Amino acid sequence: MITRCYLEITNICNLDCLFCPKTTREKRALTPAEFDLLTDKLRGKVKFLYFHLMGEPLLHRHLPEFITMAREKGFIPVLTTNGTLLSRAGAVMDARPYKMQVSLHSHEGNGKENLEQYVGEVMRFAVEAVSKGIIMVLRLWNQGGYDKENERLLDIVAEYVPRPWGVCNGGWKPSENIFIEYGRMFEWPEGEKPENGEEESFCYALRNQIGVLVDGTVVPCCLDSAGVLNLGNLFDQSLDEVLASPRARAIYDGFTKRKAVEPLCRRCGYAALIK
């Protein structure tokens, strides 16, 4: 079973983050019928269903329905959001996703003002959500980049969940089921970034993760935002057929031999490079 699938329910976003590669793909959102079809194709083959690849999932008016449908089909639903729309996401909370990940670094990455208002809305939602059993992960994936607001941001979080906090996996655990997670700001593998050359490389793409774009295109991982590594289309094929395609097998077998066979993979900073 594949551990996680990043299912892009929409590629439309309400922000313009400096660290995001954006997408030139046609803007669209999955219909309920399309979501039903795609999740039927993934049912029994994927454990965690992440409602994100590009786009902001809270913009989708059918998101609560999608979360409920996913759980009924045996998936564990997870949301990743920029957090700007949480004040109107009560129905999403009531649908009870397993976990919600809020990219707090999106605030500084957009040059926004009113940090106190933004974090306050996130924290009011988070406190209520954890009371209903939802895990909340507040992400600061901006180390070495847009991280000047971080200390003030943490002070605002502490107004809602007072210090001292526990330590967890290099981050903080302000309260039960609220986590603060750090990560370095990374460069997406698209564009003109130099390739890693002949260095040994390994990735879990197609082993424990895949992505499905809003038009049904299957990609190896969540960093292929443009669908460069098109492995097939889940609207027209089964997942087994897609994963058995020559291109998918070459990527999988290449990483088994510690080799990235695709140029996009050779430009990826997230691949675990084996020296």
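Look a little higher up for the structure.
Since we're looking at a predicted model, the values are computed, not measured. (Residues numbered from 1 in each chain as written. Predicted model: local features only at pLDDT ≥ 70, side-chain atom pairs only at ≥ 80, totals over all residues. Heavy atoms only, no water.)

Some points on helix α7 (residues 246-256)
Then, in step 1: Among the residues of α7, those classed as buried are Ala248, Ile251, Gly254 and Phe255. Seen end-on, α7 carries its buried residues on one side only, within an arc spanning 135°.
Then, in step 2: The secondary structure elements touched by the buried residues of α7 are β9 (200-202), α6 (239-243) and α8 (263-266).
Then, in step 3: Just past α7, the residue Arg258 takes up positive phi, approximately 65°. (Buried < 20%, exposed > 50% of the residue type's maximum accessible area, 1.4 Å probe, protein only. Helix = DSSP H or I, 4+ residues; strand = E, 2+ residues; numbered from the N terminus. Arc of directions from axis to C-beta. Contact = heavy atoms within 4.5 Å.)

Quick look at the packing of aromatic side chains
Then, in step 1: Applying the stated rule across the entire model yields seven aromatic pairs.
Then, in step 2: Ring geometry for Phe35 and Phe51: centres 5.8 Å apart, planes at 25°, overall stacked. Of this pair, Phe35 sits in helix α1 (residues 32-42) while Phe51 is found in the loop between β2 (46-50) and α2 (63-72), placing the two residues 16 residues apart along the sequence.
Then, in step 3: For Phe35, a relative accessible area of 0% corresponds to the buried category. (Phe/Tyr/Trp six-rings, centres within 6.5 Å; stacked < 30°, edge-to-face > 60°.)

Focus on the nonpolar core
Then, in step 1: Counting residues in each nonpolar core, the largest one holds 81 residues, and the members touching the most others are Phe35, Leu42, Leu49, Phe51, Met136, Leu138 and Val157.
Then, in step 2: The biggest single contributor to this core is helix α4 (residues 115-131), with nine residues.
Then, in step 3: For Phe35, the contacting residues outside a window of four places in its chain are Leu7, Ile9, Leu30, Leu49, Phe51, Phe66, Met69 and Ala70. (Core = buried A, V, L, I, M, F, W, Y, C linked by side-chain atoms within 4.5 Å.)

Some details on the sheet that holds strand β6 (residues 166-168)
Then, in step 1: What the 10 strands build is an open sheet, ordered β6-β7-β8-β5-β4-β3-β2-β1-β10-β11; its pairing is mixed. Where the open sheet ends on each side, the last strands, each with one partner, are β6 and β11 (218-219).
Then, in step 2: The sheet contact formed by strand β1 (residues 2-7) and β2 spans four bridges and is parallel. Each residue of the ladder has a partner; that of Cys5, found in β2, is Leu49.
Then, in step 3: Against the sheet, α4 touches β4 (99-103), β5 (135-143) and β8 (178-184), its axis set at about 145° to β5.
Then, in step 4: Here helix α5 (residues 150-160) sits on the sheet and contacts β5 and β8; the angle it forms with β5, its principal contact strand, is near 165°. (Pairing = 2+ DSSP bridges. Axes fitted to C-alpha atoms, helices over the stretch in contact; angles between N-to-C directions.)

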